Amino acid sequence: MVTLLGSLRLREATLASRARDEQATEHHLIEVSRLAEQIPGQTDRVHYHLTFGPANVAVHNIAAQVELKNADEAAKRARALRLPPSLPRTRRGHHHIDAARAFLAVGDRDKALTALQGARQVAPQQTRYHPMAREAVRLLAQQYRRVGQDVRTLAAWMGQTVA
């Protein structure tokens, strides 16, 4: 039951952050953190294809900071987060995509590229077609005059062309 409720709360935090409602986002993240503390062993659980636990809460927190335009905080949290190997690949991939967005927002091109390559490694299909990953690659190519081979390779893999 806690997995279902926690997943719903995570969705509420996502929607609040995309609406740029900092107060509601913070409220939902506090509540979801309390729910995560109830999970025995503090290990993320997967029920009915829903993932919930401390690591997924941390992933959503970083994504919320990106959406709220708190890029410095998002990048700081992304640098510090170590995901457990038990976290589903799609959640790890999504984290890498959000981390890339945070790193782009603070101007750290190398970390953004590394995060996107990490997303490709753990969840290739999700990364190839995810609109946020595609946008991050486009921004990488657009914001930096000298596009390196790594960015060209990633863009080509996604079916994008870069100048």
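None of these values were measured; they are calculated from a predicted model.

### Describing the overall build of the protein
Alright, step 1. Scanning the protein from terminus to terminus reveals nine helices and two strands.
Alright, step 2. Counting from the amino terminus, the protein carries its helices and strands in the arrangement α-α-β-β-α-α-α-α-α-α-α.
Alright, step 3. Against the 2.2 N^0.38 benchmark of 15 Å for 163 residues, the protein shows a C-alpha radius of gyration of 16 Å, consistent with a compact globule.
Alright, step 4. By sequence separation, contacts in the protein at least 24 residues apart represent 59% of the contacts at least 6 residues apart.
Alright, step 5. Carbon and sulfur atoms make up 51% of the accessible area of the protein, which amounts to about 9000 Å² in all.
Alright, step 6. Taking the average location of the 24 positive side-chain charges in the protein and that of its 15 negative ones, the two points are 8 Å from each other.

### Structural notes on the packing of aromatic side chains
Alright, step 1. Scanning the model with the defined rule gives zero aromatic pairs in all.
Alright, step 2. Across the ring face of Trp-157, the terminal group of Arg-120 is positioned such that the distance to the ring centre comes to 4.2 Å.

### Brief notes about unusual backbone geometry
Alright, step 1. You will see that Arg-20, though not glycine, has its phi angle at about 60 degrees, which is positive.
Alright, step 2. In this structure, Arg-20 sits in the loop between α1 (2-18) and α2 (22-36).
Alright, step 3. Taking the relative accessible area as the measure of exposure, Arg-20 reaches 44% and is therefore partly exposed.

### So, the side chain of Thr-25
Alright, step 1. Within the element layout of this structure, Thr-25 appears in helix α2.
Alright, step 2. Its relative accessible area of 1% is what places Thr-25 among the buried residues.

### Structural notes on the pattern of salt bridges
Alright, step 1. The final tally for this structure, using the stated rule, is nine salt bridges.
Alright, step 2. Its salt-bridge partner being Asp-98, residue Arg-101 comes within 3.0 Å of it at the nearest N-O pair. Residue Arg-101 and its partner Asp-98 are located together in helix α5 (residues 89-105), separated by three residues, close to a single helical turn.
Alright, step 3. A single salt-bridge network, built from bridges that share partners, covers Arg-18, Glu-67, Asp-98 and Arg-101.

### Quick look at the environment of Asp-21
Alright, step 1. Topologically, Asp-21 is positioned in the loop between α1 and α2.
Alright, step 2. With relative accessibility at 35%, the residue Asp-21 sits in the partly exposed group.
Alright, step 3. For the pair formed by Asp-21 and Leu-113, sequence separation is 92 residues and the distance between their alpha carbons is 29 Å.
Alright, step 4. Leave out the neighbours within four places in its chain, and Asp-21 touches Ala-16 and Leu-68.
Alright, step 5. Reaching out from Asp-21, the side chain makes a polar contact with the backbone nitrogen of Ala-24 at a distance of 3.0 Å.

### Focus on the packing of α5 against helix α8 (residues 131-143)
Alright, step 1. Where α5 contacts α8, the two axes come as close as 9 Å, and the packing angle between them is 30 degrees. By the angle between their directions, the pair α5 and α8 is classed as roughly parallel. Where α5 crosses over α8, the handedness of that crossing is left-handed. Listed contacts from α8 to Ile-97, Asp-98, Arg-101 and Leu-104 of α5 are Met-132, Ala-133, Ala-136, Leu-139, Leu-140 and Gln-143.
Alright, step 2. In terms of residue class, the contact of α5 with α8 is built from seven nonpolar, one polar and two charged.

Conventions and cut-offs
- Residues numbered from 1 in each chain as written.
- Predicted model: local features only at pLDDT ≥ 70, side-chain atom pairs only at ≥ 80, totals over all residues.
- Heavy atoms only, no water.
- Helix = DSSP H or I, 4+ residues; strand = E, 2+ residues; numbered from the N terminus.
- Rg over C-alpha atoms; globule rule 2.2 N^0.38 Å.
- Contact = heavy atoms within 4.5 Å.
- Areas by Shrake-Rupley, 256 points an atom, 1.4 Å probe, with all protein chains shown as cover.
- Lys, Arg positive; Asp, Glu negative; His and termini not counted.
- Charge placed at Lys NZ, Arg CZ, Asp CG, Glu CD.
- Phe/Tyr/Trp six-rings, centres within 6.5 Å; stacked < 30°, edge-to-face > 60°.
- Lys NZ or Arg CZ within 6 Å of the ring centre and 35° of its normal.
- Buried < 20%, exposed > 50% of the residue type's maximum accessible area, 1.4 Å probe, protein only.
- Salt bridge = Lys/Arg side-chain N within 4 Å of Asp/Glu carboxyl O.
- Polar contact = N/O pair within 3.5 Å; in protein donor to acceptor, adjacent residues only side chain to side chain.
- Axes fitted to C-alpha atoms, helices over the stretch in contact; angles between N-to-C directions.
- Parallel < 35°, antiparallel > 145°, perpendicular 65-115°, else oblique.
- Left-handed = near helix turned anticlockwise from the far one by under 90°.
- Nonpolar A, V, L, I, M, F, W, Y, C, P; charged D, E, K, R; others polar.

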